[in-house]
Structure formats: C-alpha cells, structure tokens
Amino acid sequence: MVYGALRLSVKVLLMWNSKLQIDGGQDPVVGSSLLEGSNLVALREGSVISSNSNLGVHGQGLLKLYGLGDIIKAQRLFLSLFYNIHIGTGSTLQAPLKDSSKMELITNLLCESPTCPEELIHPSEDCNVNATLSFTVQICRVEDIVVDGLVKGSVIHFHLARTVTINPGGLVTSSELGCRRGMGKGLISSNGAGGGGGHGGKGGPGFFNGHLTEGGEEYGNADLPCELGSGGGNSTSGGTTTGGGLIVMGSMEHPLSRLEIFGSMRADGESSKSIMESQNVDVMGGSGGGSGGSLLFFLQTLTLGNNSLLSSSGGHGGQPGGGGGGGGRVHFDWFNIATGDEYVPMAAVNGTILTRGGTGIDDGHDGKDGTLTGKECPKGLFGVFCEECPIGTYKDVNGSSEALCIPCPPEELPHRAAYTFVRGGVTKPSCPYECISDKYHMPHCYTPLEDLIYALGGPWLFGLLLSGLLVLLALVLSVARMKFVGTDEFSGPTPTPHESQIDHSFPFLESLNEVLETNRTEESQSHVHRLYFMGSNTFNQPWHLPHSPPDEITELVYADAFIKFVDEINSLAAYQWWEGSVYSILSLFAYPFAWSWQQWCRKKKFQQLREFVRSEYDHACLRSCRSRALYEGLKVAATPDLMVAYVDFFLGGDEKRPDLPPRLQQRFPMCIIFGGAGSYMAPYTLHSDNLLTSLMGQVVPATIWYRLVAGLNAQLRTVRQGRLHSTLMPVITWLGTHANYGLSLQGVQVDLAWFQPTASGYYQLGLVVNSVDEVAHTTPVSEFSNTISIEQLRTNDVCSYRQYVPCLGNSQYTHLSSTDRRINGAIINSFTLRCLKNQKDVLFPLSFVLRNTRPVGHQDLVGLIISILLLGDFSLMLLTLLQFYSISLGAFLVVLLILPLALLSPLPAGINALFSHGPRRSAGLARVYALWNVTSVVNVVVALIYGSVHYKIQSTSDEGAQNFHALNFSTEESGWWLFPTTLLLCKCVQAPMVDWHIANLEIQDRTLYSKDPAKFWES
C-alpha cells in the first residue's frame, strides 16, 4: 500500500501474485503516480496494480498482463512508450474505478458539452500523464497492441499506435460508462415509465398507466461522433440508466495503420434490467434504457474477422413500460484514400456492426437505430468502407451515399458486352466494358461475321454487294462453263428435222457394247432366249435366277447341271453382310456416299458374274459340245444402271435343229424388263441393246424402234416408286395413244406389265411385245368377275393377284389365256393398275423434293440460276458457320458435323456437275449434287433447332437477370435465324432447278412429249 503519489523507475518490473495499491486520498494536490519499466513490465498469477487517482505506466520494451486476475486499474490510466502491449486472456485494464461518483466527476465535463474536446480530435503528441484530458484510458506511442483480455473505460483512446489486434475473446468496452444524464437524457414522469436516452437515434418513449414519456433526442455529429451516450431515468425511484462511453482509435494526424478485430469492441448503453438488479430499486414505472455511445476510428485498414462485433447499441427499457435507448454512433475516418489503379480495399468486413436501438418493454417503444458512417469517399468509391461502385455504375462526385453511384448509360453498351470491374471504381459516364466472349471483337463486340457486314456498310449494303457479286461470279462461271464444256449441251430444244437421224433423240441410253458387253449384230442369228435375273441387285434384294429352266431353253440345257449353275451364280450374286452394313452406316451419315458405295458394289458384283460365266464356268449345263468347248453359249449382261441383269442363251452350231433359233413372231409374247427402280437416281428406262434392236428389227424398222424407246423413256422418267398409281397412268395412256399407234402398222403391239415377283413383294416392270394378229380369245369382264371381286383386286397385292390374272391383254378387260405359261407376271392397264402394290421405303419423302421432271428448256438461264444459287448456297453456308462459331465451338461443330461433310460437299459436287463433259455424265453428276444438296438440309435443320434451343435458354436466363445489358443482348439476337433460314430456302429452290437442269440434259428433243401421235412419229 502506498499513500500519496508513487514514482517508480526500474528496468524490469515483474509482479508475481502480488499487489501494488496506491491511495491518493481526496487531496487534489496529490499528483499522479508514475511507474516506469524501461525493459519489461509483467504481471502474472493474479498480480494487481491499483490507484484511486491518476496512474501512468511508461516503458520502452514490453508490457504484458499474462492471464487471469492480472489487473492494472486507476481513476485515469495512461500507458505509453512501450514497444508492445499484450493484455492476456482474463487480465484487465480499467479506468475509472467502479465508484460511480468519481466516474461521474470525470464524465460530466463531456456530457453537457455540445462540442468535441480538442484533445479527442487532435491529441497532443506528448504522452505524459495529464489529468486535464478527457481520457480515462489512453494508450499512446505503442507500436503493437494485442488484446486477449479486457480493456474497460469511459473514454478510451489508442493514440500513435501502429497496429491494434483484438483476438477472439478479447474485449475493448466503454459500455454503461457514459452519461447518466447528458444531452439526450430520456424524459421522466412522476407516475409513468421513463423514456430511453437518445444519441445517434431518438430514445424510445416510455408508456405506463396511460402516460407517454418521450425519449431523449438525437445529438452529435454523425460524421465526427465524439459524445458519450445519455441515460434514461424514472422520477419515482430516481433510478437511471447510463449511456455508452467513447472509444477513439487513432487521430486525424496519426491514424492506426491496421486495426484487426476478431473479438469485440462495445460502447452500448445500459439496460434498465441491469439497474434494477444492481441497485435493487422498487420502481413504479420502468426506467428507459441508456443510449449507445460512440466508436470513432481513424484508420488506414480494418479487418473484422468472423464472429467479431462492433456495437454501439441502446439499452433495453425496464419493466413496466420503459422505453428503449437510442442507438449510438460508429464512424470510420479513412486516411489517405487511394484512387484509380493505386486503390486498395481498406476494409475486410466479415463480422457484425451494430448501432440498433434498445427494446422497449411492455408498451414502451423501441429506441431508434443509431448511425454508421464513413469518411466522404472520392470519385468512384462509395459506402462506409469506400468500396468501388457496383459494376455498371459510375460516381463522378465526392460522397459516400450509394445513391451517388449512377447507372452507366445503356445506349453506350454494345450487345454481347458486359461492364468490367475497374480498380478504384468508374469516375466517368463512359463506363469500361468488355465483350462477353473472346469470339467477339472490340469496340462493338461484333462477331467476325458482323465485322465483315458492318465493314462493308451494314446489312443492306452488304446484302446488295453480296447479291451483285454472286450474279457477277455466276456469269463468269457460266461463260467459263460454255468455253470448257462446249455449246452442244446448250442448244435449244428444237424439234428434230424429219430427215435427221432419230438416234439423237434417244435420251442417252447406251448399248452394252459401249459400257459392259460386246454384242455383235450377227449374234441375233443364234440367240435363243434371254433369261432375266430376279431382284434389283441391292443388299436386301440381290440378283438371283430361278432354278427351273424356262420352256424356251429346256432342250438346250441339262436340267440337273442347270440347277447347279443357278446355285453357283446365285451364291456369287449374293452380298456379304458387311457390305450391307457399310451401306447402312453411310446412309445415316452421308447418303451420297452410300449411293456411290452401292453402285461400286453393283459394278463389282456384275464383273464377278460376267467373269465367272465368261471364263470360270465350264458351261456344263449346255447340251452343245461346241458351246461348252468355246464358252460361247452363255453371256451375262446388264443395263447401264446395273439394276437389271440377264443371261443370253445362244446356239452352239452343232444342235442340228432347223426350228432354232426361233423367229421374233415365235417368241411372242416377249417380255422386256425396264432398268432402274423408279427412283430419282435410277428412273425406269427401257434399255435396247444391239441384240434386242436386231431382234425387233425383224418386224419393226430400227428408226421406229428407236423412236419408241426414246418416247417411252421420256414418259418413264417421271414414274416414281411409291406413287405408281398416279405416275404410271400417263405411261399406260401414252402406250395406247402413241406407241401402239405407230407399231400397229408393223403388226406389233406393246403393253405395260409387271414380272417376276419375289416372296418379299418385289417385282419388275417392263413391256410385253405381242403380235396384233395373235391376240388370243378374250374373256369378258363378267366371266372374270365371277372368279375374283373388284374389292379383292383392290386389296390383294401383286403376288396374290398373279394367280388370277397372269397376263391381261391390251384390249379392255380381257384375259390372254394362251400366254399364261410364258409370262411370269401380268399386264397393267387402267383397271389392274389399282391392284398394283406401291413399294415405299424410308427415303420416299425425298421424292417430293427430288424427282425427275419434264424438260423446261432455257438451259442457259437454268444453268445461270443454278450457278447463282450454288454460289449463294456456299456463301450462306460460310456465313451460317461463322455465326454459330460466334456462339461456341461446340455449336459450330454440331452444325458442321451433323451430318458430316454435307454442308461442304454441294459446292464441289455442283461445280463438278456443271463442268463435266457429255450430257449423260453431267446429268449423273448433277443427281449426286442434288443428293448432297438435300442431305445438307439436315445440317440446316440442326442449326435451326440448336439456335432455337440456345437462344430460348439465353432469353429465359436473361429474364431473371437484373442487369440491363443482358436484356439488351437477348433483344439484339432476335434475328439469329436469318442466315440458316435463307440457306434453307436457297437449298429448297436449288432442288427443282437441278431437276429441270437434268431434264434438259437428258431430254433435248421436246417433240417426245407431243400430244399428237402423228406429229410424234413424224419427228
């Protein structure tokens, strides 16, 4: 115990479970006590230093309170000049003492003054003990301060410090140590409850026994708070509450470098409950809560950790009816706020800051919330902690209100752009932005396609330039084509002169001696019979011969050997399973390649059959020794489309049969099967090779026969499998009105028929050639109707119908019973056509787009239009791919590769078709070009579907977005469909133009479609 004032100066002051108490008495003359430990001051194991007057502790080293019970307390406490101060867990720094009368003596000077004391804002750099100052606790000129325990005082000031750290569990508090009265004192009533004290917020009114007592008013400056909180009271008991105190960190001239709070810092007002518990006062009406004090920070950086707390809240009112105290004030005065690129965030706030008003009890009202403010922020920054304005806003004036951050002008933001973060905030209305993807180019965030369009003057001018360029290139392409190919294909479809050769009107059907087989005219002298293969030479309908030899050759072959020959040739004609699998796979991904694969397999299969019969097979089935020795009795040939094949049987010369070979009339009725399949790539055609022409020449002049073949093929090219009922009717009519009109003069007539049905329902179409003089006896329709009803004819398929009507003659509804055994099929006329079974496959819908038509002439104009469309197709394809690449690489690959190569192939296929020599070759390549064109429609449809889904999702997400630039994006992209839709229309227009081009190439004699039979034959 020391009485009076103590002056102690040591190098090391180490207290271990000891106490130093200084009693200055009531004499104001007694000076302040001073302890100086130049190297170390340490308190351990419950050591206490206490003074009831002013106490100063100075040193140059470390001041450390190690733990529980270690206390330094005084009426005023000044700690200075240490390098480090550490307040350990459970230890305490406190001033003033709990004596309320002495505490009021210190605080009363601040409670009634409306101005801030100068030493609070601009404290002296002299850290000596000064009893005239307003502080109760001051820590001055200390580098680092760490608080794990408790620092408690009415007015606490940390001055000329570098860093202050309050660890979890640490507390710096001036709660309930403010004013009992003060400028915001809550009003009292003789028979009612007290109102809460006011400060940063108005105190809550008390209400008791029907009387409303107003709370204290607001006071002080929110931008520089330096006042203590005011109390609330009750007139009956005299019990009052106390407001919160004042804590100041740093000063204007010397702010803290860093404040780190992981514990708590509080300046809360006192609650009435605390008063009643501590003073045990019997009250009639509850006291009002005290108002929160002030937390004033002069800082450079702040860290509020998780679960940390800054609080300057009002106290709660007492029962019954006490009003809640108003909230206090918290203010951050930031030092030297950097701007622009030098800006560094000053606060990392993960804790809680409270300035709320206290709660009123019963009917008492709550106190109003206090204020949380920060220093006025420079341009680009806002808020208490001077953060950058939100992205998409700018601030060009000083101030802290969020309302000063103004949205950037939306008209200056391109679509597909987003505002970017700018260090230090945006200070001008021209807010910086960046494109939403690297695929877009600054400054307008255009796609490469849009860059091209706007570089050329915008959409309209670009469209005009592109159209003009396409027309110019198409003209150049057409001229080059005429120079390269020649002018023979471009001559107009003028009628063939009467004296000219009819061969030129023949629509480019070549004889087998030009393509596959060498037939001589003299072979017809030894020809006996032509046996057609069944099937269409496809992977599911391969060629095969019947095992039973027809009557025409039964005397030329050995039956058993013939069956063996048929087995060998049928086995050779069958396809391997993998060949069909390759075709199926290619059909899914690239049908033109599938067609080319099928044609290659057909050609290879035919060559195998021909080589087998020509050189490998020993002709053992033939009776002729000469034929077996010379390998000349059998020959395999096929139509140019490789869909119909046949075996020709010839005499060997040693048969000694004067009745062989039979004359043409003896072969009647003679069947001639059409090549093709009624499809776009293989239309039905009557192929007349040299042998057939020589045979028909026995009764029909070659010119008439050629003319018939040309006219019939012109009609057959429009027949479509799957629509036979409607497309075969014009052929039947033409045979009756034109073909038989000219042939009847030669004693011959022809009829349309089907032949050789298979178990799967496949059948072949062709002609039955008969002599007019040998038309058999007819059977009336009524007789026939007794056998089978019309309804049966309509519902039965070809195979079942064959047993009732094997072959109907050209006469109306007649039955040629004499030819039943010689024709494996039936005549097709207007009556039996209704019973013909339509064969439709999965590609049937394409027949509505790709179909063989009649020629339209104007070949030059058609070629020019195709050139324009071809170039336009390629241009639109590139623009579409460029557009989807701007969406994403995935979108680009989806459109390009579903189906693979389909988008890229039409241009080379079209150029190849336009610049090929010869009408037949050009027409074939044009069909391949048409296939690629239609196949690429799948890619365009995929593009439309992908685009619809993508932009629908984009639009949906934009509806939920709050930033306006996203909405701008969705509206600007509404025309995404323009290029793919135009490309689809271009391809749809190309299809009929290519069909007309092919028709003009294949049919250059327009008189083949003459409606007058006489004019047809005259030509």
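What counts as what
Residues numbered from 1 in each chain as written. Predicted model: local features only at pLDDT ≥ 70, side-chain atom pairs only at ≥ 80, totals over all residues. Heavy atoms only, no water. Helix = DSSP H or I, 4+ residues; strand = E, 2+ residues; numbered from the N terminus. Buried < 20%, exposed > 50% of the residue type's maximum accessible area, 1.4 Å probe, protein only. Contact = heavy atoms within 4.5 Å. Areas by Shrake-Rupley, 256 points an atom, 1.4 Å probe, with all protein chains shown as cover. Pairing = 2+ DSSP bridges. Axes fitted to C-alpha atoms, helices over the stretch in contact; angles between N-to-C directions. Polar contact = N/O pair within 3.5 Å; in protein donor to acceptor, adjacent residues only side chain to side chain. Parallel < 35°, antiparallel > 145°, perpendicular 65-115°, else oblique. Left-handed = near helix turned anticlockwise from the far one by under 90°. Nonpolar A, V, L, I, M, F, W, Y, C, P; charged D, E, K, R; others polar. Phe/Tyr/Trp six-rings, centres within 6.5 Å; stacked < 30°, edge-to-face > 60°. Lys NZ or Arg CZ within 6 Å of the ring centre and 35° of its normal. Expected span 1.5 Å × (residues − 1). Bend = angle between axes of the 7 residues up to and from the residue. pLDDT = per-residue confidence, 0-100. Salt bridge = Lys/Arg side-chain N within 4 Å of Asp/Glu carboxyl O. Disulfide = S-S within 2.5 Å.

Q: Could you give me a rundown of the overall build of the chain, with the residues and numbers involved?
A: Across its full length, the chain holds 25 helices and 42 strands. Residue burial in the chain is summarised as follows: out of 1019 residues, 55% are buried. Across the chain, the fraction of contacts at a sequence separation of at least 24, relative to all contacts at a separation of at least 6, is 68%. Carbon and sulfur atoms make up 56% of the accessible area of the chain, which amounts to about 43,300 Å² in all.

Q: Which residues make up the sheet that holds strand β37 (residues 634-638), and what values go with them?
A: Taken together, the 3 strands give an open sheet; going across it, the order is β36-β38-β37, and neighbouring strands pair in antiparallel fashion. In this open sheet, the two edge strands, each paired with only one partner strand, are β36 (527-532) and β37. On average, each strand axis in the sheet is tilted by 25° relative to the strand beside it, whichever way the strands run. Sheet analysis places β37 next to strand β38 (residues 645-650), joined by 5 bridges and oriented antiparallel. If you follow K635 over to β38, its bridge partner there is D648.

Q: Outline the side chain of S624, listing residues and values.
A: Here S624 is to be found in the loop between α9 (591-616) and α10 (625-630). Relative accessible area serves as the criterion here: at 6%, S624 is assigned to the buried category. Here R626 takes part through its backbone nitrogen, which lies 3.5 Å from a polar atom of the side chain of S624. A distance of 3.2 Å separates a polar atom in the side chain of S624 from the backbone nitrogen of S627.

Q: Please set out the packing of helix α19 (residues 859-887) against helix α21 (residues 906-914) residue by residue, giving values where relevant.
A: Look at α19 against α21: their axes get within 9 Å of each other, and the N-to-C directions meet at 160°. Classed by the angle they form, the pair α19 and α21 counts as roughly antiparallel. Between α19 and α21 lies a crossing whose hand is left-handed. Residue-level inspection shows I866, S867, L870, D873 and F874 of α19 in contact with α21, the latter providing P906, L907, G910, I911 and L914. Within the contact of α19 with α21, the residues separate by chemical class into 7 nonpolar, 2 polar and 1 charged.

Q: Summarise the packing of aromatic side chains; cite the residues concerned and give the values.
A: The relation between two aromatic rings is expressed through the spacing of the ring centres and the mutual angle of the planes. In this structure the tally under the stated criterion is 20 aromatic pairs. Both rings, one in F562 and one in F565, keep their centres 6.3 Å apart while their planes meet at 50°; by these two values the pair is tilted. Of this pair, F562 and F565 both sit in helix α7 (residues 559-573), separated by 3 residues, roughly a single helical turn. There is no split in this pair, since F562 and F565 are both buried. Here the aromatic rings of F565 and Y617 are separated by 4.7 Å at their centres, their planes lie at 35°, and the arrangement is tilted. One end of the pair, F565, is in helix α7; the other, Y617, is in the loop between α9 and α10, with 52 residues separating them in the sequence. When sorted by exposure, F565 lands in the same class as Y617, which is buried. Ring pairs connect the aromatic residues F297, F332, W334 and F385, which therefore count as one cluster. A cation over an aromatic ring shows up here: R530 above the ring of Y646, its NZ or CZ 3.9 Å from the ring centre.

Q: Talk me through helix α15 (residues 729-743); I want residue IDs and the actual numbers.
A: Between its first and last C-alpha atoms α15 spans 20 Å; for 15 residues at 1.5 Å apiece the expected length is 21 Å, and the two agree. Of all bends in α15, the biggest is about 40°, found at L735. Every buried residue belonging to α15 is among V731, I732, W734, L735, H738, A739, N740, G742 and L743, and all of these are buried. Where α15 is buried, its residues meet α13 (702-716), α14 (724-727), β40 (748-755), β41 (764-771) and α25 (1013-1018).

Q: Explain the pairing of strand β12 (residues 137-140) to me, and be specific about the residues and the numbers.
A: Burial along β12 is two-sided: the residues V137 and I139 and Q138 and C140 are all buried. Looking at chain direction, strand β9 (residues 76-80) and β12 are connected through 4 bridges and run parallel. Residue pairing across strands places S80 opposite C140, the latter belonging to β12. By the bridge criterion, 4 bridges tie β12 to strand β15 (residues 155-159) in an arrangement that is parallel. Residue pairing across strands places I139 opposite F158, the latter belonging to β15.

Q: Give me unusual backbone geometry: which residues, what numbers.
A: Here the residue pair A95 and P96 is connected by a cis peptide bond, since its omega of 5° sits within 30 degrees of zero. With respect to the secondary-structure elements, P96 resides in the loop between β11 (92-95) and α1 (100-111). Of note in the backbone geometry, C386 takes a positive phi value of approximately 50° without being a glycine. Turning to its location among the elements, C386 is positioned in the loop between β30 (381-382) and β31 (387-388).

Q: Tell me about the confidence of the model for the chain, residues and numbers included.
A: Residue-level pLDDT values for the chain average 83, and 86% of them are 70 or greater. In this model residues 776-821 is a low-confidence stretch, pLDDT under 50, and it forms 80 contacts with partners more than four residues away in sequence or in other chains.

Q: Hey, could you go over the pattern of salt bridges for me, with residue numbers and the actual values?
A: Between side chains of opposite charge, a pair can form when the charged atoms approach closely. Here the structure, examined in full by the defined rule, presents 13 salt bridges. The partner of R416 in a salt bridge is E450, and the shortest N-O contact between them spans 2.5 Å. Note that R416 is positioned in the loop between β33 (406-407) and β34 (417-419) and E450 in helix α4 (residues 448-455), a separation of 34 residues in sequence. A relative accessible area of 5% means that R416 is categorised as buried. Salt bridges linked by common partners bring E143, D144 and R162 together as one network.

Q: Which residues make up the state of the cysteines, and what values go with them?
A: Structurally, a disulfide amounts to a covalent bond that connects the sulfur atoms of two cysteines. According to the stated counting rule, one finds 6 disulfides in the structure shown. With a sulfur-sulfur separation of 1.8 Å, C111 is cross-linked through a disulfide to C179. Judged by the sign of its S-S torsion, about -100°, the bond between C111 and C179 is left-handed. Highlighted residues: C111 in helix α1 and C179 in the loop between β17 (171-173) and β18 (206-208), separated in sequence by 68 residues. Through a disulfide, C377 is tied to C386; the S-S separation comes to 2.2 Å. On the S-S bond that ties C377 to C386, the torsion sits near -95°, and the link is left-handed. With no disulfide of its own, C988 has C986 as its nearest cysteine by sulfur position, at a separation of 9.3 Å.

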